[in-house]
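What the coordinates show
Single-letter residue listing:
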Amino acid sequence: MNIATETLNKSARLNTKNKAKDNKITVPVTGMTCAACAVSVESILKSQEGVKDAGVNFANQTAWVDFNPSQVTLPKLQQVIQSIGYDLIIDEENANEKQQEAQLKHYKQLKSKTIWAAILSAPVVVIGMFFMDMPYANWIMLVLSLPVLWLGRNFYINAKKQAQHGKANMDTLVALSTGIAFLFSLFNTLNPHFFHERGLHAHVYFEAAIMIIVFILLGKLLEERAKSNTSSAIKKLMGLQPKTVRIIENGVEKEIPTAQVGIGNLLVVRPGEKIPVDGKVTSGSSYVDESMISGEPVPVEKKEGEKVFAGTVNQKGSFRFEAEKVGGDTILSQIIKMVQEAQGSKAPVQKLVDKIAGIFVPVVIGIAILSALAWMVLGGDNAFTHALLAFVTVLVIACPCALGLATPTAIMVGVGKGAENNILIKDAESLELGYKVNAIVLDKTGTITEGKPEVTDAIWLVEDSNKALFESILLAIEASSEHPLAEAVVRQLRTKENDSLTLTAFESITGKGVKATYQHEVYLVGNKKLLTDYSVPLSNSIVSQAKALQEEAKTVIFFASSKHVLAIFAIADRIKATSKQAVENLQSQGIEVYMLTGDNEQTAKAVAAQVGLAHYKAEVLPADKADFIKQLQGEGKVVAMVGDGINDSHALAQADVSIAMGKGSDIAMDVAKMTLITSDLNQIPKALKLSRKTVQTIRQNLFWAFIYNIIGIPIAAGILYPPFGFLLDPMIAGAAMALSSVSVVTNSLRLRKVKL
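The rules we used
- Residues numbered from 1 in each chain as written.
- Predicted model: local features only at pLDDT ≥ 70, side-chain atom pairs only at ≥ 80, totals over all residues.
- Heavy atoms only, no water.
- Helix = DSSP H or I, 4+ residues; strand = E, 2+ residues; numbered from the N terminus.
- Buried < 20%, exposed > 50% of the residue type's maximum accessible area, 1.4 Å probe, protein only.
- Contact = heavy atoms within 4.5 Å.
- Areas by Shrake-Rupley, 256 points an atom, 1.4 Å probe, with all protein chains shown as cover.
- Pairing = 2+ DSSP bridges.
- Axes fitted to C-alpha atoms, helices over the stretch in contact; angles between N-to-C directions.
- Expected span 1.5 Å × (residues − 1).
- Arc of directions from axis to C-beta.
- Core = buried A, V, L, I, M, F, W, Y, C linked by side-chain atoms within 4.5 Å.
- Phe/Tyr/Trp six-rings, centres within 6.5 Å; stacked < 30°, edge-to-face > 60°.

To continue, consider the overall build of the protein. A tally of helices and strands in the protein yields 29 helices and 25 strands. Residues classed as buried in the protein amount to 52% of the 756 residues present. Long-range pairs, those at least 24 residues apart, make up 69% of the contacts in the protein between residues at least 6 apart in sequence. A total accessible area of about 33800 Å² is found for the protein, and carbon and sulfur atoms account for 55% of it.

Written out as structure tokens, the structure reads:
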């Protein structure tokens, strides 16, 4: 059984239980159209009695709510959200499917609306720009504009609901700008003499009003399409679980949906099929590709009693297994949940962006009103027309969508990219901080080393003809021992074809080893002191060989009869093949690498030398690890801690960025903000590179979003008119606004192509 998968499953299950206890859930939200919508939903949720905290992510259309079920229920929260024009999907069983269905339905409706709005608006634009003097031009444009306004009716409906709750969002800007432009044009069409009698031309802006709607619908269509791509990692993970499964009931095999599988059901898996749920093999055998969980490409043998996991792929054999974990409890579901929560979490910079988005719309409305007033005062003969144009254009161009999408889309793609590379990221903060790391603290056992003792050297001092017999005797002795080091010897000897022998006596000698009898001969397995106690002769050659092995930080075990030493075994926790390369990689990036271990000085020194570490500390207690990290932080360093054991949990919690190894303890993985599914330390440089690329993308997105508004709003207000006579057309403003959101999402999607 793969240790990594077992412990990850434990951790995930522990996380689930903790969340259930805290009543913290994540639910899909539908109907949000901009970043300000997310702010509105979040503020309404937080204002409800019984809600401890809440957060909304616009990019992946989800909300998390920490609430007291004795004070407020999910249906009640759903009603509150529905009252302001949005909805929560609270069906836990099929929430993701329903959200996907809703998004697909919304996308199709949006596509249809966009196409029809473009078709109807095309003749209006042509007439408005080239044939204004043709008979009944205004009336033709009015008739064609009305259905376009109907297609964009959601902007007005949502704006009204927002206003009823004292809120404003992008829909407010669109509704105000297009509504005022249309009403002004309608007035001039019905009563053109009003302006003519005052010496002014009765301008109409039907084409501007409806093209704003067309461009915004088009922008939203492209945005929806792009946003769906940011969740490709989740979709790939979900696709690993088969839709149906063969179950055996009363001896009869039948096919049922995977969702209906219950704990204890007996399932059949055939060659090439994906395993649907977690369970234990009851009959048959095969090899299973577990690379999606462990990252290891070599298929793992599965026979009776072995664990199997959802999403892994069976190879050539077939077997039956009993379902042990189904639905949201499977390791695959827990991995998906971890990725979703990370994609939905907010980076520190996003909290600032949310505040800006929340006040952005009211500020823009204020700027639009001031622009209109300025034109009324200073605009001369066409003051009212220019005032109206400036008011409409400012409202249209200043959409907070690009600002709201800048961080979450980059985080979503970054987390998804990490998941594809066996790096599970629990929250956005660690992804944002990772690029700043300049000191990494590595635990030794299980992080730099394999984490389990293995026989590294076996020196036999007997003739080859007798070796097989003595191997069988040693195997029988060590199999009877409870000492942890005995397991290493047993693992090595069981790889050979040794006969099973029966001992006539067995005795454990504390602190020294064991004594056993086979066919009236006494055999000893233990340290040098044990052999000395039983007067077994040790030659200078044997002593020097043992000393050389001990200097390599290996534990030496002697196997002897009452008269001779038969073999010398060296046992050590092997250094992972990739550890040295990973340390060199990190150091080449200017990162200081430290090793902490509770092991003795000699072992620590030997391991540090083998992997090329200049900084290490031996005989360190758990609390000392956390104190050492505090010391580094006190020196101004941003510290990452990498560990796998319960004794590392305090240090992991103290570190700025905490990373757990995939085969580590469930507590370490619960505390850590990143988990490496594989035990390969080379994933750490990859994780830091991913952080750096993600932060670069966030900064690029925010730069363009801010620059767009800083430049766009003054131009829309008419600042270029006095020196250059240039006024921005509301129609062009709508196109620019849509382009800004699409460009931010597209820039985030570039992360998917980064090589780690």
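Considered for burial, the residues of helix α23 (residues 601–611) that qualify are Thr-603, Ala-604, Ala-606, Val-607, Ala-608 and Val-611. In this structure, the buried residues of α23 make contact with α17 (444–448), β20 (565–575), α22 (579–588), β21 (592–596) and β22 (615–617).

So, about the sheet that holds strand β13 (residues 423–425). As summarised here, the arrangement of the seven strands in space is β13-β25-β24-β23-β14-β21-β22, forming an open sheet in which the pairing is mixed. Since the sheet does not close on itself, it has two edges, and those belong to β13 and β22, each with one partner. Looking at each pair of strands side by side, their axes are set apart by 20° on average, direction ignored. For strand β23 (residues 639–643) and strand β24 (residues 657–661), the ladder comprises four bridges, and the chain directions are parallel. Within β24, the position partnered with Ala-640 by the bridge is Val-657.

With 12 residues, helix α21 (residues 540–551) ought to run about 16 Å at 1.5 Å a step, and its terminal C-alpha atoms sit 16 Å apart, in line with that. Those residues of α21 that sit buried are Ile-542, Ala-546 and Leu-549. Axial view of α21: buried residues confined to an arc of 60°, hence all on one face. In α21, those exposed residues whose orientation departs by more than 90 degrees from the buried face are Asn-540, Lys-547 and Glu-551. On its buried face, α21 sits against β15 (449–460), β19 (555–561) and β20. Ala-553 sits one or two positions beyond α21 and adopts a positive phi of about 65°.

Ranked by size, the top nonpolar core spans 40 residues in total, and within it Ile-440, Leu-442, Ile-448, Leu-613, Val-642, Leu-681 and Ile-684 carry the most contacts. Examining the composition of this core, we find that six residues originate from one element, helix α27 (residues 683–717), more than from any other. If sequence neighbours within four positions are ignored, Ile-448 has contacts with Leu-442, Asp-443, Ile-575, Lys-576, Ser-579, Met-595, Val-607, Val-611, Leu-613 and Leu-681. Counting 33 residues, the second largest nonpolar core, distinct from the first, contains Ala-181, Ile-213, Leu-388 and Leu-389.

Glancing now at the environment of Asn-154. Tracing the sequence through the fold places Asn-154 in helix α6 (residues 153–164). Along the sequence, Asn-154 and Gly-31 sit 123 residues apart, while their C-alpha atoms lie 9.8 Å from each other.

This brings us to the sheet that holds strand β17 (residues 513–518). Backbone hydrogen bonds hold the strands of a sheet together, and the pairing may be parallel or antiparallel. On the basis of which strands lie adjacent, the open sheet formed by six strands has the order β15-β20-β19-β18-β17-β16 and antiparallel pairing. On the outer flanks of this sheet lie β15 and β16 (505–509), each paired with one strand and no other. Taking each pair of neighbouring strands and ignoring which way they run, the sheet shows an average axis angle of 15°. Here four bridges tie strand β18 (residues 521–526) to β19, and the two strands are oriented antiparallel to one another. Bridging across to β19, Tyr-523 finds its partner in Ser-561. Together, β15, β16, β17, β18, β19 and β20 form the strand contacts of helix α18 (residues 464–480), whose direction differs from that of β18 by roughly 65°.

Among the six residues that make up β17, five are buried, leaving the element largely enclosed by the rest of the structure. Two elements, β16 and β17, share five bridges in a ladder whose sense is antiparallel. The residue bridging Ala-505 from the neighbouring strand is Thr-517, located in β17. By the bridge criterion, six bridges tie β17 to β18 in an arrangement that is antiparallel. Its bridge partner lying in β18, Gly-513 is registered against Gly-526. Connecting the antiparallel pair β17 and β18 is a turn made up of two residues, with Gln-519 showing a positive phi of about 50°.

Within the structure shown, the criterion is met by eight aromatic pairs. Judged by centre distance (6.4 Å) and plane angle (65°), the rings of Phe-470 and Tyr-523 are edge-to-face. Of the two residues, Phe-470 sits in helix α18 while Tyr-523 sits in strand β18, which places them 53 residues apart along the sequence. Residue Phe-470 shares its accessibility class with Tyr-523, and that shared class is buried. Three or more aromatic residues joined by ring pairs form one cluster here, namely Trp-460, Phe-470, Tyr-523, Phe-559 and Phe-569.

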